[in-house]
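Inside the fold
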Amino acid sequence: MSKFSTEALFKSKIDEIWDNETYSTIESISRGYAVQDDIRFNSLLFIGINPSMYGSIGRIFYQNSHGETHKYFKKFIDVSKDTDMPWSHIDLLFLRETDQKIVKQLMRDKIGYEFFMNQLAVSKEIIELAKPQLIVINNTLARELFQFKTIFDEQIGTHRIFGNIALEGTPVFFTSMLTGQRALDLGSYERLKWHIKQVKRIQSKISI
């Protein structure tokens, strides 16, 4: 089995959060949630902060093919092809809210904070199950909410996860958005792809 379904394994946990009356006053909860369904094992995993309001409102699990039609995923496909690594994507939060100011405001509220922490617990489980080869976190707020300890490894020039049995030593790249107004410039984007290939090469030698 090369991938797993988040809908099959985690839908009940996410529904439990959305059905909790404690969070009923949170406006964006009425829009439902969106979660990538087909997560590949041992992939190049891109991690964002939360899904947009693209598509129909409701509780949605979408496929990787979604990336063929939405511009947000185009660079993921490009990096995947250039590095010869299968890709997957997950957002740390599942609520459909494009305004990160609202997200940050909710984080400062006691109920909103609890709402987010419950989502982060689920996304952490998904990431651990996926056991990615490398992780690219392409959002500043996602870096703050990343539920794993990391340490900078000078030998590979990026961070590694430590203190987690499932993902010990997994390389992590912290970067900006790959698309949109605040996207990486072309030079930085090309360096990111080069760097991923170098780390992949080093990792392959370690595993021999």
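Everything numeric in this text was worked out from a predicted model, so none of it was measured.

**Remarks on the packing of helix α1 (residues 6–18) against helix α4 (residues 110–130)**
Across the interface, α1 lies against α4 with an axial gap of 10 Å and an inter-helix angle of 170 degrees. Compared by their axis directions, α1 and α4 come out roughly antiparallel. Along its contact with α1, which presents Thr6, Leu9, Phe10, Lys13, Ile14, Ile17 and Trp18, the element α4 presents Phe115, Asn118, Gln119, Val122, Glu125, Ile126 and Leu129. Residue classes in the contact of α1 with α4 are distributed as 9 nonpolar, 3 polar and 2 charged.

**Some points on the layout of surface pockets**
Empty space within the second largest pocket amounts to approximately 240 Å³. If you trace the second largest pocket, you find 15 residues lining it, with Pro132, Gln133, Thr170, Pro171 and Gln203 closest to the centre. With 3 residues, helix α6 (residues 186–207) is the single largest residue contributor to the lining of the second largest pocket. Grouping the amino acids of the lining of the second largest pocket by side-chain chemistry returns 6 nonpolar, 6 polar and 3 charged.

**Considering a positive patch on the surface**
A surface patch of positive charge is lined by Lys101, Lys104, Arg108 and Arg182. The topology assignment puts Arg182 in the loop between β10 (171–174) and α6. By relative accessible area, which is 75% here, Arg182 ends up exposed.

**Overview of the pairing of strand β2 (residues 32–36)**
Within β2, 5 of the 5 residues are buried, leaving the element largely enclosed by the surrounding structure. Across the two faces of β2 the burial is the same, with Gly32, Ala34 and Gln36 and Tyr33 and Val35 all buried. Sheet analysis places β2 next to strand β5 (residues 58–62), joined by 5 bridges and oriented parallel. Note on β5: the bridge partner recorded for Ala34 is Ile60.

**Observations regarding the pairing of strand β7 (residues 134–137)**
Neither face of β7 is left uncovered, since the one carrying Leu134 and Val136 and the one carrying Ile135 and Ile137 both have all their residues buried. Bridge count for strand β4 (residues 44–48) against β7 is 4 bridges, and the pairing is parallel. In the sheet register, Phe46 faces β7, and the bridge partner there is Val136. As defined by bridge partners, β7 adjoins β10 across 3 bridges and the pair is classed as parallel. Each bridged residue has a counterpart across the sheet, and for Ile135 the counterpart in β10 is Val172.

**A few points about the environment of Ile111**
Structurally, the position occupied by Ile111 is in helix α4. The spacing of Ile111 and Ser188 is 77 residues in sequence and 38 Å in space, taken between C-alpha atoms. For Ile111, the residues in contact, after removing those within four places along its chain, are Thr22, Tyr23 and Ile26.

**Side note on the side chain of Thr170**
Structurally, Thr170 can be placed in the loop between β9 (158–161) and β10. When near neighbours in sequence (up to four residues on either side) are disregarded, Thr170 contacts Pro132, Gln133, Leu134, Ile135, His159, Arg160 and Ile161.

**Brief notes about the packing of helix α3 (residues 100–107) against α4**
When two helices pack together, their arrangement is given by the angle between the helix axes and the distance between those axes. Look at α3 against α4: their axes get within 6 Å of each other, and the N-to-C directions meet at 105 degrees. As the angle between them shows, α3 and α4 are arranged roughly perpendicular. Only Gly112, Tyr113 and Phe116 of α4 make contact with α3, whose side of the interface consists of Val103, Leu106 and Met107. Residues that form the contact of α3 with α4 fall into these classes: 5 nonpolar, 1 polar and no charged.

**Focus: the environment of Val122**
As for its placement among the helices and strands, Val122 is situated in helix α4. Residue Val122 is classed as buried on the basis of its relative accessible area, which comes to 5%. In this structure the C-alpha to C-alpha distance between Val122 and Val103, which are 19 residues apart in sequence, comes to 18 Å.

About the thresholds
Residues numbered from 1 in each chain as written. Predicted model: local features only at pLDDT ≥ 70, side-chain atom pairs only at ≥ 80, totals over all residues. Heavy atoms only, no water. Axes fitted to C-alpha atoms, helices over the stretch in contact; angles between N-to-C directions. Helix = DSSP H or I, 4+ residues; strand = E, 2+ residues; numbered from the N terminus. Parallel < 35°, antiparallel > 145°, perpendicular 65-115°, else oblique. Contact = heavy atoms within 4.5 Å. Nonpolar A, V, L, I, M, F, W, Y, C, P; charged D, E, K, R; others polar. 1 Å grid on protein atoms, 1.4 Å probe; cavity = no way out; pocket = protein on both sides within 12 Å on 5 of 7 lines; lining within 4 Å. Points joined across faces, edges and corners; volume = space filled by probe spheres on them. Patch = residues over 30% accessible without salt bridge, like charges linked within 9 Å, V, L, I, M, F, W, Y side chains within 5 Å. Areas by Shrake-Rupley, 256 points an atom, 1.4 Å probe, with all protein chains shown as cover. Salt bridge = Lys/Arg side-chain N within 4 Å of Asp/Glu carboxyl O. Lys, Arg positive; Asp, Glu negative; His and termini not counted. Charge placed at Lys NZ, Arg CZ, Asp CG, Glu CD. Buried < 20%, exposed > 50% of the residue type's maximum accessible area, 1.4 Å probe, protein only. Pairing = 2+ DSSP bridges.

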